[in-house]
Amino acid sequence: MYVCFHHPDEAVISPQDPVLYIGSSLTATCTLSPELGLHASTLYWTLNGISVSSSAYSVLSPDTLSITLQNLNGSQQQSGDNLVCHGADGHVLAGSCLYVGRPPEKPVNLTCWSHNTKDLSCKWSPGGLGETHIQTKYTLKYKLRWYGREKECEVYNTGKQRYSCYIPRNLALFTPYEIWVEAANQLGSATSDITTLDILDVVTTDPPANVQVSRVGDLEDQLTVRWASPPELKDILFQAKYQIRYRLEDSTEWKVVDDVGNQTSCRLAGLQPGTVYFVQVRCNPVGIYGSRKPGIWSDWSHPAAASTPSSERLQSGSCDPKPGEQNSTLRRELKQFFGWVRKHASGCSGMSIKLYDQWRVWLQKSHKTRNQILQDDNS
């Protein structure tokens, strides 16, 4: 990275720190101080530390050397490209910053979200070709739609998230905001389209807490997932919607369960025996204070893990006491029930009392049919 600098006591470069459009040309001069006793023909130029061919030079007078740069590319750094005039021994005589870029275009993709209704974060993308190559200031502005004065966001992020801003407090609920982004540099300015939003319509929350995964007795193909609602929303009228995803320990492919609803537990079925599964949960706060729009999904929770029982271990019975006749019948019926659920329901919503009752009816009908056949065979 090169830092622009100047040595006005020894020589002067003109124009000083020009701002130019990409593709333009520039003729600059380096004029020596008479006290140096140097001749312009002994000087040379560098641009960002690299010597420029002497074919671009012209000696205008004993103390003035010019350079002409054609079809300039965008500046390599926003602090400007460093054009330097040197003496024959390499001594730096003078420097000038070249700011070569383009005016900003209308910022696009402005989106905002509120964390637990307490704040507002927004992000956007530069318009058009994106990079302007020179320092461009982005200002996020907002105001209440029907009244109130215009305000500016003050907490801007840097680095990879530099096209974003954070409003930490003093936001109104139940009243829509108008939000927009202004972009400006020394070559021009542009303003995004106005986005109108209500804070309650863009709420997200922390991931569900205390996610736990456990076995379902000795059932080798199922796991139970339990979690707690985000505590930040405990005093807010809303109905949470949850989503689960899980994967095998040695896999990167997640399987998503969409129909969890607003319950805080789920039984995953159809899993592989003797296998470690990683599970995550996320939350969407729906209907904040009666809002009709869905919220925004939270980040996924930290992964929780558990393993399904091994089918070989179960068959050997080495770790299980020998069950009584009643327990054996109950276990057999439970396995029948969960097998029936996998065929007649999907996701977590199938694990309900209503489905259990339906299965009992189906089981009774099966018993009646079997008994009727036996009676017919015996008659």
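Just so it is clear, the structure is predicted and the values come from calculations on it, not from any experiment. Note on numbering: residues in each chain are counted from 1, in written sequence order. Side-chain atom pairs in this predicted model are given and counted only at pLDDT of 80 or more, local residue features only at pLDDT of at least 70, and totals for whole chains, interfaces and linings cover all residues. By convention in this description, side-chain values take in all heavy atoms of the structure and omit both hydrogens and water.

## Focus on the overall build of the protein chain
Alright, step 1. A helix here means a DSSP run of H or I that spans at least four residues, while a strand means a run of E at least two residues long, and both kinds are numbered starting from the N terminus. Helices and strands together make up the secondary structure of the protein chain, namely three helices and 26 strands.
Alright, step 2. Exposure categories follow from relative accessible area, calculated using a 1.4 Å probe and restricted to protein chains: below 20% of the type maximum is buried, above 50% is exposed, and the middle band is partly exposed. Relative to its 379 residues, the protein chain shows a buried fraction of 40%.
Alright, step 3. For the protein chain, contacts bridging at least 24 residues in sequence account for 65% of all contacts bridging at least 6.
Alright, step 4. All accessible areas in this document rest on Shrake-Rupley with a 1.4 Å probe, and a residue is counted as covered only by the protein chains that are shown. Summed over all atoms, the accessible surface of the protein chain reaches about 21400 Å², with 49% contributed by carbon and sulfur. The criterion used for residue contact is that any of the two residues' heavy atoms lie within 4.5 Å.

## Side note on the state of the cysteines
Alright, step 1. Working definition: a disulfide is two cysteine sulfur atoms within 2.5 Å of each other. In this structure the tally under the stated criterion is three disulfides.
Alright, step 2. Two residues, Cys-112 and Cys-122, share a disulfide whose sulfurs are 2.1 Å apart. On the S-S bond that ties Cys-112 to Cys-122, the torsion sits near 110 degrees, and the link is right-handed. Taken together, the residues Cys-112 in strand S10 (residues 108–115) and Cys-122 in strand S11 (residues 120–125) connect sequence positions 10 residues apart.

## With respect to the sheet that holds strand S24 (residues 265–268)
Alright, step 1. Spatially, the three strands line up as an open sheet ordered S20-S21-S24, and their pairing is antiparallel. Edge strands, defined here as strands with exactly one partner in the open sheet, are strand S20 (209–215) and S24. Within the sheet, the average angular offset between the axes of one strand and its neighbour, ignoring direction, is 15 degrees.
Alright, step 2. Here, strands pair whenever DSSP counts at least two bridges between them. Bridge count between strand S21 (residues 223–228) and S24: four bridges; the pairing is antiparallel. The residue of S24 that forms the bridge with Thr-224 is Arg-267. In this analysis, axes come from line fits to C-alpha atoms, helices being fitted only over the stretch in contact, and the angle between any two N-to-C directions falls in the range 0 to 180 degrees.

## Notes on the sheet that holds strand S9 (residues 92–101)
Alright, step 1. The strand order across the open sheet built from five strands is S2-S9-S8-S4-S5, with neighbouring strands paired in mixed fashion. Lying at the two open borders of the sheet, with one neighbouring strand each, are strand S2 (19–21) and strand S5 (50–51).
Alright, step 2. Examined bridge by bridge, strand S4 (residues 44–47) and strand S8 (residues 81–86) share four bridges and lie antiparallel to one another. Considered in S8, the bridge of Leu-47 is made with Leu-83.

## Quick notes on the packing of aromatic side chains
Alright, step 1. Aromatic pairing here means that ring centres of Phe, Tyr or Trp (its six-membered ring) are within 6.5 Å. Orientation follows from the plane angle: under 30 degrees is stacked, over 60 is edge-to-face, and everything else is tilted. The tally for this structure, following the rule as stated, stands at five aromatic pairs.
Alright, step 2. The structure contains a cluster of three or more aromatic residues connected by ring pairs, namely Trp-124, Tyr-138 and Tyr-163.
Alright, step 3. Consider the ring centre and the ring normal. A charge sits over the ring if Lys NZ or Arg CZ is within 6 Å of that centre and within 35 degrees of that normal. In this arrangement the basic side chain of Arg-245 is found over the ring face of Trp-254, its NZ or CZ atom lying 4.2 Å from the centre.

## Quick notes on the pairing of S4
Regular strands place their side chains on alternate faces of the sheet.
Alright, step 1. As paired elements, S4 and S5 share two bridges and run antiparallel to each other. Bridging from a neighbouring strand, Leu-47 pairs with Ile-50 of S5.
Alright, step 2. In this antiparallel pair of consecutive strands, S4 and S5, the connection spans two residues, and Asn-48 shows a positive phi of 55 degrees.

## So, the pairing of strand S23 (residues 255–261)
Alright, step 1. One ladder, built from four bridges, connects strand S22 (residues 239–248) with S23; its direction is antiparallel. Directly across from Ile-244, in S23, lies its bridge partner Val-257.
Alright, step 2. Hairpin connection from S22 to S23: six residues lie between these consecutive antiparallel strands.

## What to know about the confidence of the model for the protein chain
Alright, step 1. Confidence of the predictor in every single residue is expressed as pLDDT, which spans 0 to 100. Scored by pLDDT, the protein chain comes out at a mean of 82, with 77% of its residues at no less than 70.
Alright, step 2. In the predicted structure, residues 313–326 sits below a pLDDT of 50 and forms 11 contacts with residues beyond four places in sequence or in another chain.
Alright, step 3. Contacts of residues 349–354 to residues separated by more than four positions or lying in other chains number nine contacts, the stretch itself having pLDDT below 50.

## With respect to the nonpolar core
Alright, step 1. For the purposes of this section, nonpolar cores are sets of buried Ala, Val, Leu, Ile, Met, Phe, Trp, Tyr and Cys residues that join through side-chain atoms within 4.5 Å. Core analysis: the biggest nonpolar cluster contains 23 residues, and Trp-45 and Ile-67 have the highest contact counts within it.
Alright, step 2. Where this core is concerned, the elements lending two or more residues are strand S1 (11–14), strand S3 (26–32), strand S7 (64–69), S8 and S9.
Alright, step 3. If you look at the next biggest cluster of nonpolar residues, it comprises 21 residues, including Cys-112, Trp-124, Ile-179 and Ala-183.

## Quick look at the environment of Leu-72
Alright, step 1. Within the secondary structure layout, Leu-72 lies in the loop between S7 and S8.
Alright, step 2. Along the backbone, Leu-72 and Leu-26 are 46 residues apart, and their C-alpha atoms lie at a distance of 8.1 Å.
Alright, step 3. The residues touching Leu-72, leaving out its near neighbours within four places in the chain, are Leu-20, Ile-22, Gly-23, Ser-24, Leu-26 and Val-100.

## Observations concerning the pattern of salt bridges
Alright, step 1. Salt bridge, as used here, is a side-chain nitrogen of Lys or Arg placed within 4 Å of a carboxyl oxygen of Asp or Glu. Taken as a whole and assessed by the stated rule, the structure comprises four salt bridges.
Alright, step 2. For Glu-182, the salt bridge identified is with Lys-141, shortest N-O distance 3.0 Å. Of this pair, Glu-182 sits in strand S16 (residues 177–185) while Lys-141 sits in strand S12 (residues 137–144), and the two are 41 residues apart along the sequence.
Alright, step 3. Judged by its relative accessible area of 11%, Lys-141 falls in the buried class.

## Things to note about unusual backbone geometry
Alright, step 1. Here the residue pair Ser-14 and Pro-15 is connected by a cis peptide bond, since its omega of 0 degrees sits within 30 degrees of zero.
Alright, step 2. Along the chain, Pro-15 turns up in the loop between S1 and S2.
Alright, step 3. A positive phi angle, near 75 degrees, is found at His-133, a position not held by glycine.
Alright, step 4. Secondary-structure assignment places His-133 in the loop between S11 and S12.

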